[in-house]
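Inside the fold
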Amino acid sequence: MADLVAGTQQLEIRVRGTTGARWQETASYEIPAGAGDPSPQWQFRLRGAVQGGVTVVDRDRDLLVTATSAGVVTIFDRTGRRGWSRAIGPVYRRPVVDRTRDRIFVPSADHLLYALDARTGGTIWSYDAGAPVLSVPNSGVIDGRDLITFSAGDRLVTLDARSGAERWSVDDRGFSSGQVAIDGGVVHSSAADGYARAYDLASGDQL
């Protein structure tokens, strides 16, 4: 108990009888905060599970965004004040933002990558990847143009971040749910076929 942080905790109890019958119950309890312990400043409950974490949208305005397995995308500030909230398909990875901090890219298991307006939550564009988007997108710049790269199923895809138009894609490389690394003009990726590969960010040519 001493290793648990202060605040509300949940204890899950599972019992299986000799006949094979099962019983399960979850109970909540409080761990009091000590003088030197951090304590929660605020909280609010979202529909679904937050599996991808929270992304900083704008440090100057203290804006954060998160998305849930129920497809609820919500923006809020560091005081916990909620801004817009909207529903898309299920989200299991973290959203990312572009350089200008005005677009939020959200990967969804409904096969779409969404570009949302950071101010309103409205859809600027969406791209159908043909498979659940279960990777965190990453951004790069070529000739002054922002590009967004991500994996969906066994495809690696790079889009124009402003328009959502496909720049290039690579198929049949093995399933991947990992985030690519972008170093200058090179995309580094790995997949379930056991290979790590490098691609030219501008053309998609394998290096």
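Residues numbered from 1 in each chain as written. Predicted model: local features only at pLDDT ≥ 70, side-chain atom pairs only at ≥ 80, totals over all residues. Heavy atoms only, no water.

1. Notes on the layout of surface pockets
Of the voids in this model, the largest pocket is the one considered here, and its volume is about 250 Å³. As for the largest pocket, its lining consists of T8, Q10, S28, W42, Q43, F44, R45, L46, G48 and V50. (1 Å grid on protein atoms, 1.4 Å probe; cavity = no way out; pocket = protein on both sides within 12 Å on 5 of 7 lines; lining within 4 Å. Points joined across faces, edges and corners; volume = space filled by probe spheres on them.)

2. Thoughts on the sheet that holds strand β10 (residues 123–128)
The sheet built from four strands is open, its strands ordered β7-β8-β9-β10 with antiparallel pairing. Two strands close off the open sheet at either side, each with one partner strand: β7 (96–97) and β10. Two elements, strand β8 (residues 103–107) and strand β9 (residues 112–117), share five bridges in a ladder whose sense is antiparallel. Bridge pairing links P107 to L113 in β9. (Pairing = 2+ DSSP bridges. Helix = DSSP H or I, 4+ residues; strand = E, 2+ residues; numbered from the N terminus.)

3. Looking at the sheet that holds strand β17 (residues 196–200)
Across the sheet, three strands lie side by side as β15-β16-β17; this open sheet has antiparallel pairing. Edge positions in the sheet fall to β15 (181–183) and β17, since each has one partner strand and no second. Mean inter-strand twist for the sheet, computed between neighbouring axes without regard to direction, equals 25 degrees. Pairing analysis gives three bridges linking β15 to strand β16 (residues 186–190), with the strands arranged antiparallel. Its bridge partner lying in β16, D183 is registered against V186. (Axes fitted to C-alpha atoms, helices over the stretch in contact; angles between N-to-C directions.)

4. Thoughts on the pairing of strand β4 (residues 63–67)
Of all five residues that make up β4, five are buried, and the element is covered over most of its length. Taking every second residue as pointing to the same face, both faces of β4 are buried, with L63, V65 and A67 on one and L64 and T66 on the other. Summarising the sheet, strand β3 (residues 54–58) and β4 pair through four bridges and their orientation is antiparallel. Across the sheet, residue D58 finds its bridge partner in β4, namely L63. Hairpin connection of β3 to β4: four residues between the antiparallel strands, including D62 at a positive phi of 55 degrees. For β4 and strand β5 (residues 72–77), the ladder comprises five bridges, and the chain directions are antiparallel. Counted as the bridge partner of A67 is V73 from β5. (Buried < 20%, exposed > 50% of the residue type's maximum accessible area, 1.4 Å probe, protein only.)

5. Thoughts on the pattern of salt bridges
Two side chains with opposite charge may pair up if their charged atoms get near one another. This structure, assessed with the given rule, holds 11 salt bridges. Measuring nitrogen to oxygen at the nearest pair gives 2.6 Å for the salt bridge that ties R145 to D160. Of this pair, R145 sits in strand β12 (residues 145–152) while D160 is found in strand β13 (residues 155–160), placing the two residues 15 residues apart along the sequence. Its relative accessible area of 8% is what places D160 among the buried residues. Here E166 ties to R155 by a salt bridge, and the two come within 3.6 Å at their closest N and O atoms. Of this pair, E166 sits in strand β14 (residues 166–170) while R155 sits in strand β13, and the two are 11 residues apart along the sequence. With relative accessibility at 40%, the residue E166 sits in the partly exposed group. Exposure remark for R155: the relative accessible area of 16% places this residue in the buried category. (Salt bridge = Lys/Arg side-chain N within 4 Å of Asp/Glu carboxyl O.)

6. Considerations on the side chain of D98
Topologically, D98 is positioned in the loop between β7 and β8. D98 gets classed as buried once you look at its relative accessible area, which sits at 7%. A distance of 3.1 Å separates polar atoms of two side chains, one belonging to D98 and the other to T100. When near neighbours in sequence (up to four residues on either side) are disregarded, D98 contacts R103, F105 and R162. (Polar contact = N/O pair within 3.5 Å; in protein donor to acceptor, adjacent residues only side chain to side chain. Contact = heavy atoms within 4.5 Å.)

7. As for the side chain of S189
Looking at the element boundaries, S189 is found in strand β16. At 2.9 Å, the side chain of S189 and the side chain of R173 are in polar contact. Beyond its immediate sequence surroundings of up to four residues, S189 is in contact with L156, R173, V180, Y195, A196, R197 and Y199.

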